[in-house]
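Structural overview
In case you want the letters, here they are:
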Amino acid sequence: MSQEQLAVYEVFIRSNRGLDHKHVGSLHAESPEHALMYARDCYIRRSEGVSIWVVESTNITASQEDDIESFVDPMDDKPYRHATHYVLPDNVTGM
Amino acid sequence: MNNTIKSNEQSPLYRFVLGLADDSVVLSHRLSEWCSNAPYLEEDIALSNIALDYVGRARMFYQYAAEVEGKGRSEDDLAYLRSEREFTNLLIHELPKGDFGFTMVRQFLLDAFYNLYLTQLVDSKDETIAAIAAKAIKETRYHLKRSEPWIRQLSEGTEESRSRIVRALEELKDFVGEMFLMEEWETSLVEQGIAIDRAALQPDWDRYIQGFLGESGIEFGDAQLQIRGGRNGIHTEHLGHMLSEMQYLQRTHPGMEW
Amino acid sequence: MQTLDKDEAVEQATFDQRISDEQKIEPTDWMPDDYRKNLIRQMSQHAHSEVIGMQPEGNWITRAPTLRRKAVLLSKVQDEAGHGLYLYSATESLGITRSQMIDALQSGKAKYASIFNYPTLTWADIGAIGWLVDGAAIVNQITLQRTSYGPYARAMVRICKEESFHQRQGYEIMTVLAHGTQVQKQMAQDAMNRNWWPSLMMFGPHDSESAHSSRSMGWKIKRMSNDDLRQKFIDQTVPQIEALGLDMPDPLIKWNEERGHYDSGEINWEEFYQVINGAGPCNYQRIKHHKAAHSEGEWVREAVRSYRQKQQDKKTENAA
């Protein structure tokens, strides 16, 4: 017998002050408030975090692997965005 | 009349701390029975966390009780080698876990009680008690934050869930009065600034519980003293079964390290 | 042999390249159907094992002999639930829901580790399980941290980090018992003897007999063969048995200088297949327990869904 599920939430944890929130997994919950509490009980049992975000999975818009060629690859050919692209005289430092 | 075995020789402070330890260990036992039995995995994990909070509390209170008693007994001697008549928990803690509705209603009633109680106990003149209370109140605030939405959604979810909540309240109402019943020896500790006047918490508790349930259209009268006896070792029949299970290894193989 | 259309052939080539380059496959990537199916089978089986594994150990939570042991055991079993959650969550990224996985478990379509179909008869079983069963699981899981599917690998990293205390708490229980009274020592020996063979069975059939093994190795879902993992476990465990001062659970265990490994006796494969196929001492009981808890929880889940719906309706009403 299949049962309709509770909503799926993605969980993001900030492990220490000053760091980004990082995706750690997901869980099922009936509301964002409950998702937050379950995230606390399920994902930081060993004090792995100081802050939690939860987002209902359906609210995440993700890039599609299908158009990855036109989406990501064009970023590849702009080496001038990287500092290593520029040649400096050997005697110049501090830059 | 004082019914507890040997209780006359025991100091009020020892009895006070021991009662709090027994409350915690008995409730943690009931909560731990949910492990692998909860409605879904997330809730299983969450309930275990609450059970663990209470085991932690029990250990701190037992360790202090043993220290106060000064007879060289350990936390485990107190938890595992005393009989039903020597256990002094308030009865509400020992009632069988029931269905999920019963467990959550009991938790809600207790969380609300501990929220008021521990908020005052952090100012106890006994430093150890104050320190344990300071740790425990943080846990309890979280527990209450969790029980509130549970009671709300079960009260307003389906007809079945509502009727289960109402039934649980009905079953528990005879046991809430005891939470506010002061023992004579406890009153003497209140005068010394060590214990809390539980009777004085009752109006706030009543108001809060009635207000919260009232929002979902559920009535719950003032806490009336009906069934009492826990602090004097007079229990329901359930405790004996719980202890025979909990104490089985220590009783079967006395004096061993585990 | 199936013919791939051109696009699919390109996708397949990209996939193969990623596998060979040790790159992880991520949920939105194209992957062969069989790779997906194989992952779902292995990962959900792994998740179910964690969840069913709560029962034999949970059997002793209310009887743990000290408050410290009670806290340790409860938090350990809670961790198993957590690991089940991580794994269900990772498996869901492959396009299957948790309810579908639970249905498969309850109908017997999905398997779980057969070790959990043995009973925990005494307190020493809690020690033996933490030490041997978690020990065997860790040997396997360490290699799975390098598995090719990203969400699985990441779940394994988190799980391995948490597992390290599980094995130690088990060994600590065994140490206390092995150095305790005669009764306790016997309890420890008995529990080890009973759990030894089922622990070895956890690594699955011989490589030559394993239906899924070679393909999973090719896809880098599995990183080491059943027999290699099993040997690794035996090699690391024998000295631990010696340290406890217990008798070997298998009289044929003997160091083989030439191989650089311990030799040991043959597993009773008849028993292995019997238990896998449902005729172990506790198969019926474990699934019955799971079904009972799940169906007793239905009114709660129903209430939660209904409350949620009412709240949403209210919101829509207010907006209108």
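Each remark here, short or long, concerns the structure printed above.
Please read these numbers as outputs of a predicted model, since none were measured by experiment.

So, on to a nonpolar patch on the surface. Residue and element names in this part refer to chain A. Together, Leu88, Val92 and Met95 make up an exposed nonpolar region whose accessible area comes to about 310 Å². Examined against the element boundaries, valine 92 turns out to sit in the segment after α2 (68–71). Here valine 92 falls in the partly exposed class, since its relative accessible area comes to 34%.

Residue and element names in this part refer to chain A. Most of strand β1 (residues 7–14) is tucked away: six of the eight residues are buried. Two successive antiparallel strands, β1 and strand β2 (residues 21–29), enclose a turn made up of six residues, where glycine 18 displays a positive phi of approximately 95°. Of the pairings in the sheet, the one linking β1 to strand β3 (residues 51–56) comprises six bridges and is antiparallel in character. By the bridge assignment for β3, arginine 14 is matched with serine 51.

What follows covers the interface of chain C and chain A. Contacts between the two partners involve 26 residues from chain C, matched on the other side by 22 residues from chain A. Carbon and sulfur atoms supply 40% of the area that chain C and chain A bury against each other, a total of about 2,000 Å² over both sides. At the junction of chain C with chain A, the criterion picks out five salt bridges. A salt bridge links Arg45(A) to Glu162(C); its shortest N-O distance comes to 3.0 Å. Seen at the junction of chain C and chain A, the total is nine residue pairs in polar contact (both at pLDDT 80 or more). Sort the elements by how many residues they give to the side of chain C that touches chain A and helix α4 (residues 67–92) of chain C lands first, with seven residues. Within the side of chain C that touches chain A, the residues separate by chemical class into five nonpolar, nine polar and twelve charged.

What follows is about the environment of Ile159(C). Residues and elements named next belong to chain C. Mapped onto the secondary structure, isoleucine 159 falls in helix α7 (residues 150–178). On the basis of relative accessible area, isoleucine 159 is assigned to the buried category, the value being 0%. Each C-alpha atom, one on isoleucine 159 and one on alanine 279, is 30 Å from the other, the two residues being 120 residues apart in sequence. Beyond its immediate stretch of four places on either side in the chain, isoleucine 159 contacts His83, Tyr86, Leu87 and Gln141.

Facing the 45 residues of chain C at the interface are 48 residues of chain B. Between chain C and chain B, roughly 4,000 Å² of surface is buried when both sides are summed, and carbon and sulfur atoms account for 69% of that area. For the pair chain C and chain B, the number of links is two salt bridges. Seen at the junction of chain C and chain B, the total is 18 residue pairs in polar contact (both at pLDDT 80 or more).

Counting residues in each nonpolar core, the largest one holds 177 residues, and the members touching the most others are Leu27(A), Phe16(B), Tyr62(B), Tyr117(B), Trp205(B), Tyr35(C) and Trp123(C). The greatest single-element share of this core, amounting to 15 residues, is contributed by helix α2 (residues 41–69) of chain B. In this structure, Leu27(A) is in contact with Ala7(A), Val8(A), Tyr9(A), Val11(A), Ala35(A), Tyr38(A), Ala39(A), Tyr43(A), Glu42(B) and Leu85(C), ignoring residues within four places of it in sequence. Judged by nonpolar contacts, the second largest core, of nine residues, contains Ile52(C), Phe116(C), Ile129(C) and Val133(C).

Rules and cut-offs
Residues numbered from 1 in each chain as written. Chains lettered and ligands numbered in written order. Predicted model: local features only at pLDDT ≥ 70, side-chain atom pairs only at ≥ 80, totals over all residues. Heavy atoms only, no water. Patch = residues over 30% accessible without salt bridge, like charges linked within 9 Å, V, L, I, M, F, W, Y side chains within 5 Å. Areas by Shrake-Rupley, 256 points an atom, 1.4 Å probe, with all protein chains shown as cover. Salt bridge = Lys/Arg side-chain N within 4 Å of Asp/Glu carboxyl O. Helix = DSSP H or I, 4+ residues; strand = E, 2+ residues; numbered from the N terminus. Buried < 20%, exposed > 50% of the residue type's maximum accessible area, 1.4 Å probe, protein only. Pairing = 2+ DSSP bridges. Contact = heavy atoms within 4.5 Å. Buried area = accessible area lost by both parts, 1.4 Å probe. Polar contact = N/O pair within 3.5 Å; in protein donor to acceptor, adjacent residues only side chain to side chain. Nonpolar A, V, L, I, M, F, W, Y, C, P; charged D, E, K, R; others polar. Core = buried A, V, L, I, M, F, W, Y, C linked by side-chain atoms within 4.5 Å.

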